[in-house]
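# Survey of secondary and tertiary structure
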Amino acid sequence: MDRFKLRKAEPKDVPDILRLIKELAKYEDMEDQVILTEKDLLEDGFGDHPFYHCLVAEDPSEQSNNNNGPVVIGFAMYYFTYDPWIGKLLYLEDFFVMKEYRGNYKHFLSFCLSSSLTLPITINSHRLSIFTAFPLSSLFPPGFGIGSEILKLLSHTAVKSRCSSMHFIVAEGNQASIEFYKRRGAADLSLEEGWRLFKIDKSSLLKMSSGPEE
């Protein structure tokens, strides 16, 4: 890991986190759907009660344009949730490494970002598959690059926090990523258990919260 360093994100990283979120959205051809601001990220992730946690990868050999330290080249956003059947889970919400730092990967291993309430359908015509359960006791082999090191650290975090599994979603058309995760023990719940992902957007939430019950 001489080429890069992984660490917990700090408030100063918010501009880079948003930059990487937009790069990921552009990769998924959904850039116009990113409405999050730096202010949102700062308040939601670095306050007294953070809604998310974040890891960043940086290249010590390159300095950022704003002289804020080494350039941030990747990130992983996650949070902890709870399953009434199996207990604590680590949910990996977003994961991105800049193209020029992806090593030998032909395709980036991407996740979908959801900014609204999600329930275990199709989101804006994008079909999604729900995945779960890295074998948390296993370690990823060395030499697989930044992405694998991030997953290794997240697995360690999940085990240390006594989580039963790690959950995430992958775009159905991203076959390279699907196969990558399957080789590491991920189970496709959409295929095996028939779960469908739903989204209730903000306008519908407001309508339900204030209008008469149907």
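Refer to the structure printed above.
Treat the numbers as computed from the prediction; the structure is a model and nothing was measured. (Residues numbered from 1 in each chain as written. Predicted model: local features only at pLDDT ≥ 70, side-chain atom pairs only at ≥ 80, totals over all residues. Heavy atoms only, no water.)

## So, the pattern of salt bridges
On inspection of all chains with the given rule, the structure shows 6 salt bridges. We note a salt bridge from Asp 13 to Arg 7, for which the minimum N-O separation is 2.8 Å. Accessibility expressed as a relative area gives 2% for Asp 13, which makes it buried. A single network of salt bridges, built from pairs that share partners, joins Arg 7, Glu 10, Asp 13 and Glu 58. (Salt bridge = Lys/Arg side-chain N within 4 Å of Asp/Glu carboxyl O. Buried < 20%, exposed > 50% of the residue type's maximum accessible area, 1.4 Å probe, protein only.)

## Overview of the environment of Leu 197
Along the chain, Leu 197 falls in the loop between α5 (189-192) and β9 (198-200). Judged by relative accessible area, which is 9%, Leu 197 ranks as buried. Put simply, Leu 197 and Ile 169 are 28 residues apart on the chain and 9.2 Å apart in space, counted from C-alpha to C-alpha. (Helix = DSSP H or I, 4+ residues; strand = E, 2+ residues; numbered from the N terminus.)

## Overview of unusual backbone geometry
Residues other than glycine seldom take positive phi values, yet Asp 29 does so here, at roughly 60°. Within the element layout of this structure, Asp 29 appears in the loop between α1 (14-27) and α2 (38-45). Unusually for a residue other than glycine, Arg 162 sits at a positive phi of about 60°. Of note, Arg 162 is situated in the loop between α3 (146-160) and β7 (165-171).

## Some points on the packing of α1 against α2
For the pair α1 and α2, the least separation of the axes is 9 Å and the interaxial angle reads 115°. Classed by the angle they form, the pair α1 and α2 counts as roughly perpendicular. Read as a crossing pair, α1 and α2 show a hand that is right-handed. On α2, the residues touching Val 14, Pro 15, Ile 17, Leu 18 and Ile 21 of α1 are Glu 38, Leu 41 and Leu 42. Looking at the contact of α1 with α2 residue by residue, the classes come out as 7 nonpolar, no polar and 1 charged. (Axes fitted to C-alpha atoms, helices over the stretch in contact; angles between N-to-C directions. Parallel < 35°, antiparallel > 145°, perpendicular 65-115°, else oblique. Left-handed = near helix turned anticlockwise from the far one by under 90°. Contact = heavy atoms within 4.5 Å. Nonpolar A, V, L, I, M, F, W, Y, C, P; charged D, E, K, R; others polar.)

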